Amino acid sequence: MRKGLNIVFTTIEVLLIFGAFIYFFDDNYFNDATGWTFLLIFWLVRTVHQMLLDYMDGNKNRARFQLVFACVILGLVVWKRFG
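Everything numeric here is computed off the predicted structure, so don't read it as measured data.

> Give a description of the overall build of the protein chain that names residues and reports values.
Across its full length, the protein chain carries three helices and zero strands. Per-residue burial for the protein chain yields a buried fraction of 27% across its 83 residues. Partitioning the contacts of the protein chain with sequence separation of at least 6, the portion at a separation of at least 24 is 59%. Accessible area of the protein chain: about 6000 Å², with a carbon and sulfur share of 71%. Taking the 8 positively charged and 6 negatively charged side chains of the protein chain as two groups, their mean positions are separated by 13 Å.

Structure follows, in structure tokens:
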């Protein structure tokens, strides 16, 4: 299960980084905000992935910290897109 989890999360992370760079380096500079949102979502996915790995390893306190950190990042994403 762990190997499949790593493959899924790594694929999502690579696609988010690729999408962010596409928005950063296009001709329309108004798309930079979308690129930053992609990077925030990448950071959110990375944090959730690390939280799941820590929980499966038995590091429950570290997993709780990662959960709080993921909630902060989610708040930033919502504030950036809808604020």
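Next comes the rest of the description.
> Describe in detail helix α2 (residues 32-57), supporting the description with residues and values.
At 3.6 residues per turn, the α-helix brings residues three or four places apart onto the same side. Between its terminal C-alpha atoms α2 stretches 37 Å, which fits the 38 Å expected from 26 residues at 1.5 Å a residue. Among all positions in α2, only Thr34, Gly35, Thr37, Leu40, Leu44, Val45, Thr47, His49, Met51, Leu53 and Asp54 are buried. After α2 finishes, the residue Gly58 shows a positive phi value of roughly 95 degrees.

> Any chance you could break down the pattern of salt bridges for me, citing the residues and the numbers?
Counting across every chain of the model gives three salt bridges. With a closest N to O distance of 3.5 Å, Arg46 and Glu13 form a salt bridge. You can see Arg46 sitting in helix α2 and its partner Glu13 sitting in helix α1 (residues 2-24), a full 33 residues away along the chain. The class of Glu13 is buried, set by a relative accessible area of 7%.

> Explain a nonpolar patch on the surface to me, using residue names and the numbers behind them.
A cluster of nonpolar side chains, namely Val68, Val72, Leu76 and Trp79, defines an oily patch on the protein surface of about 410 Å² accessible area. Checked against the element boundaries, Val72 lands in helix α3 (residues 60-82). Residue Val72 is classed as partly exposed on the basis of its relative accessible area of 47%.

> I'd like to hear about the environment of Phe24, residue by residue, with values.
Checked against the element boundaries, Phe24 lands in helix α1. Beyond its immediate sequence surroundings of up to four residues, Phe24 is in contact with Asp32, Gly35, Trp36 and Leu39.

Basis of the calculations
- Residues numbered from 1 in each chain as written.
- Predicted model: local features only at pLDDT ≥ 70, side-chain atom pairs only at ≥ 80, totals over all residues.
- Heavy atoms only, no water.
- Helix = DSSP H or I, 4+ residues; strand = E, 2+ residues; numbered from the N terminus.
- Buried < 20%, exposed > 50% of the residue type's maximum accessible area, 1.4 Å probe, protein only.
- Contact = heavy atoms within 4.5 Å.
- Areas by Shrake-Rupley, 256 points an atom, 1.4 Å probe, with all protein chains shown as cover.
- Lys, Arg positive; Asp, Glu negative; His and termini not counted.
- Charge placed at Lys NZ, Arg CZ, Asp CG, Glu CD.
- Expected span 1.5 Å × (residues − 1).
- Salt bridge = Lys/Arg side-chain N within 4 Å of Asp/Glu carboxyl O.
- Patch = residues over 30% accessible without salt bridge, like charges linked within 9 Å, V, L, I, M, F, W, Y side chains within 5 Å.

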